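Chains, contacts and geometry: an overview
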Amino acid sequence: MSILVLGGAGYIGSHTVYELIDAGEDVVIADNLETGHIEAVHPKARFYKGDIRDRAFVDCVFDNEKIDAVIHFAANSLVGESMVDPLKYYDNNVNGTKVLLQSMVAHGIDKIVFSSTAATYGEPEKIPIEETDKTEPTNTYGETKLSMEKMFKWTAKAHGLRFVSLRYFNACGAHKSGEIGEAHSPETHLIPLILQVPNNQREFISVFGDDYDTKDGTCIRDYIHVTDLAQAHILAVKYLMAGNESNIFNLGNGVGFTVQEVIETARKVTGHPIPAKIEGRRAGDPAQLVASSVKARTILGWNPEHADLEEIIASAWKWHKAHPHGYAK
Ligand code: UFG
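Residues numbered from 1 in each chain as written. Predicted model: local features only at pLDDT ≥ 70, side-chain atom pairs only at ≥ 80, totals over all residues. Heavy atoms only, no water.

1. Brief notes about the overall build of the protein chain
To keep things clear, this is the line we draw: Put simply, DSSP H or I for four residues or longer makes a helix, DSSP E for two residues or longer makes a strand, and each gets a number counted from the N terminus. This radius of gyration counts C-alpha atoms alone. The globule rule is 2.2 Å times how many residues there are, raised to the power 0.38. Only the protein chains shown count as cover for residues, and the accessible areas themselves come from Shrake-Rupley with a 1.4 Å probe. Note that His is not counted, nor are the chain ends; the positive residues are Lys and Arg, and the negative ones are Asp and Glu. A charged residue contributes its charge at one atom only: NZ of Lys, CZ of Arg, CG of Asp or CD of Glu.
Helix and strand counts for the protein chain stand at 10 helices and 14 strands. For 329 residues, the compact-globule estimate of 2.2 N^0.38 gives 20 Å, and the protein chain sits close to it at 19 Å. Dimensions of the protein chain along its principal axes, counting C-alpha atoms only, are 55 × 45 × 40 Å. Accessible area for the protein chain stands at about 13,700 Å²; split by element, carbon and sulfur atoms hold 51% of it. Positive and negative side-chain charges of the protein chain, numbering 32 and 44 respectively, have mean locations separated by a distance of 2 Å.

2. Some words on the pattern of salt bridges
Should the charged atoms of two oppositely charged side chains come close, the side chains can pair. Note the cut-off: The salt bridge criterion pairs a side-chain nitrogen of Lys or Arg with a carboxyl oxygen of Asp or Glu, the two atoms within 4 Å. Type-normalised accessible area, obtained with a 1.4 Å probe on protein chains alone, sets the label of each residue: buried when under 20%, exposed when over 50%, and partly exposed for intermediate values.
Applying the stated criterion to the full structure yields 18 salt bridges. The partner of Arg53 in a salt bridge is Glu34, with the nearest N and O atoms 3.9 Å apart. Of this pair, Arg53 sits in the loop between strand S3 (46-49) and helix H2 (55-64) while Glu34 is found in the loop between strand S2 (26-31) and S3, placing the two residues 19 residues apart along the sequence. For Arg53, a relative accessible area of 25% gives the class partly exposed. Residues participating in the shared-partner salt-bridge network are Glu34, Asp51, Arg53 and Asp91.

3. Considerations on the environment of Glu25
Topologically, Glu25 is positioned in the loop between helix H1 (11-22) and S2. Taking relative accessible area as the criterion, Glu25 reaches 17% and is therefore assigned buried. Between the C-alpha atoms of Glu25 and Asn199, which are 174 residues apart in sequence, the distance is 36 Å.

4. Quick word on the sheet that holds strand S6 (residues 162-168)
What counts here: Pairing between two strands requires that DSSP report at least two bridges joining them. Structural elements are reduced to axes, namely lines fitted to C-alpha atoms, with helices fitted over the stretch in contact, and the angle between N-to-C directions of any two is expressed from 0 to 180 degrees.
Ordered in space as S3-S2-S1-S4-S5-S6-S11, the seven strands form an open sheet in which the pairing is parallel. The open sheet has two edge strands, S3 and strand S11 (247-251), and neither has a second partner. Strand-to-strand twist of the sheet, defined as the mean angle between neighbouring strand axes without regard to direction, takes the value 20°. Across three bridges, the pairing between strand S4 (residues 69-72) and strand S5 (residues 111-117) is parallel. Directly across from His72, in S5, lies its bridge partner Phe114.

5. Things to note about helix H7 (residues 226-241)
For the record, the criterion: One less than the number of residues in a helix, times 1.5 Å, gives the span that helix is expected to have.
Over its 16 residues, H7 extends 23 Å from the first C-alpha to the last, a length consistent with the 22 Å expected when each residue adds 1.5 Å. Most of H7 is tucked away: 12 of the 16 residues are buried. Looking at H7, one finds that the buried residues are Val226, Thr227, Asp228, Leu229, Ala230, Ala232, His233, Ile234, Ala236, Val237, Tyr239 and Leu240. Phi turns positive one or two residues past the end of H7, at Gly243, with a value near 90°.

6. Regarding the site of the ligand
Here is the rule we go by: Near is defined per residue: the residue qualifies when any heavy atom it owns lies within 4 Å of the molecule or strand. Polar contact is the term for a pair of N or O atoms within 3.5 Å; when the atoms are in protein, one must be able to donate a hydrogen and the other to accept it, and sequence-neighboring residues count only if both atoms are side-chain atoms.
Inspection of the region around the ligand gives 21 residues, with Leu190, Ser206, Arg221, Arg282 and Asp285 positioned closest. One nitrogen or oxygen atom from the side chain of His189 is found 2.9 Å from an oxygen atom belonging to the ligand. Side-chain polar atom of Arg221 to an oxygen atom of the ligand: 2.7 Å apart, as the coordinates give it. Computed on the free molecule, the ligand has an accessible area of 690 Å², of which 91% lies beneath the protein chains in the complex. Of all elements in the fold, only helix H6 (190-195) and strand S8 (205-208) reach the threshold of two or more residues within the shell around the ligand. At four residues, the largest contribution of residues to the shell around the ligand is made by S8.

Listed below in structure tokens is the structure:
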């Protein structure tokens, strides 16, 4: 089967491409390389450089390739940036998805797996979070992802398309080969920032708030290995191929770790003291985000294999130690 991976040069996209190719699938990648990296494009994938907001570009890919299903990662994903430049997020995430869907409908392509986020929930009403819980995003990024989910829902009703939306919790870790890993610019995520300390790129890690109502006062998150996320996409494509209905699934381990616990684990993995400095809360951070992934486990048969935090951080450390500047030479 031929799968089109939009955003296949990005962090989660590139890891999904590696898993698809390992599974023997034929992969086509489209990416505008704004935040993705050409070095992360798998050599066995056919690559098209372009933007999903460009209808002629998307049409050209569908005209040239016989695509069975689309996996859609092409979006901006920084919560902080989305609050200062919301229209950038509406343009790339919402408008880009609209153009993509117009082209898919015109070409009769009717299966899509889509990266959504825990940010669609906003402040959770209970832990663990289930897919049926209320969705009231507290930032523009989450709001645009929720708008994209709704666009899929209504387009599916009108045009017979089917979709799977995967709501990720905190993606982290790197591919076992050491060839690809996390490389954002600017970096805002906790684990890569912590690892900049033992990599001599930062003197300490800032802890954003220690007065939350959690066991040590710091925020709790559900850290999920990027390879486990990648596997869920393959299962979601198979689920759609088997003729199943559109659906939404959380992807997390169901176990929460505090910021302090993550730092402590990184100290153990790297053997570095990693000084931490308590600072004020970061705007918009919920105290706890932990997934119930019972639905993905039951319906998709998803079984995360790298749930151990020490193993996750060790895989990230292997990548960052060898690539302190990401993909830059
Ligand atoms: N944190 C620090 N210091 C840092 C960076 C982060 O203490 O230098 C804390 C944050 O306050 C938060 C936790 O570490 O409590 C994790 O922060 P990340 O930025 O790594 O991840 P988020 O939980 O904010 O964001 C993730 C995804 C987003 C998604 C969001 C859902 O990266 O894409 O979950 O709320 F939108």
